[in-house]
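# Notes for the structure review
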Amino acid sequence: LWVLKDTGENYPLRVGIPRADSAWINDDLLAYPDANGRQIGVYTVATHVLYLLEIDHSEPEQLAHGKDVDDVLYLASDVPGGVKDIHRLQVNSGATEKAFSWLTEGVENFTYQRATDTVCYRALGGTEVICAQAEDGKVLRRVKNRKRGVLSVDGRYLVTEGDGVA
């Protein structure tokens, strides 16, 4: 990983190769899934300090900043190759939990919109993208024959990915 600073300096983070995309938690903290598959690295850019947080899940991916200041959401399974679910890591304490208790099925992918506290996901083996209120699972939008969805910051627009026609 490299951080291109506003000063023009391209600073290398000596953290190895992450197994999936990184996510900014705030202006100074970067989270990434460590290559070993059982840790999430949290890097403090200003001080160049790296914390490797052990998690109870396998092969985390699709990191996103959660609702709370120190939350990181991620997709992972309990065992390698298992059914994936969305989990929450509290960076300050290292505690993990299932992110959305109302979501009872496995998940292929998800996106989270912090400003509106909404999640879009595609269930394991599903053929539609469902966008819901993160707190209670109330469905806001459901789009068939799509692979992934991202709500706009204000929640008015939904961009979806998929093959075929609208």
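In this report, the structure presented in the accompanying data block is examined. (Residues numbered from 1 in each chain as written. Predicted model: local features only at pLDDT ≥ 70, side-chain atom pairs only at ≥ 80, totals over all residues. Heavy atoms only, no water.)

The next thing to look at is the packing of aromatic side chains. Considering all chains together, one arrives at two aromatic pairs under this definition. Both rings, one in Phe-100 and one in Trp-102, keep their centres 5.7 Å apart while their planes meet at 35°; by these two values the pair is tilted. Ring geometry for Trp-102 and Tyr-121: centres 6.1 Å apart, planes at 50°, overall tilted. Of the two residues, Trp-102 is situated in the loop between β10 (96–98) and β11 (107–113) and Tyr-121 in strand β12 (residues 118–123); the sequence distance between them amounts to 19 residues. Taken together, the ring pairs in this structure connect Phe-100, Trp-102 and Tyr-121 into an aromatic cluster. (Phe/Tyr/Trp six-rings, centres within 6.5 Å; stacked < 30°, edge-to-face > 60°. Helix = DSSP H or I, 4+ residues; strand = E, 2+ residues; numbered from the N terminus.)

This next bit is on the sheet that holds strand β6 (residues 49–54). Strand order in this open sheet of four strands is β3-β4-β5-β6, and the pairing throughout is antiparallel. The sheet is open, and its two edges are formed by β3 (23–24) and β6, each paired on a single side. As judged from the six bridges shared by strand β5 (residues 39–44) and β6, these two strands associate in the antiparallel manner. Along β6, the bridge assignment pairs Tyr-43 with Leu-50. (Pairing = 2+ DSSP bridges.)

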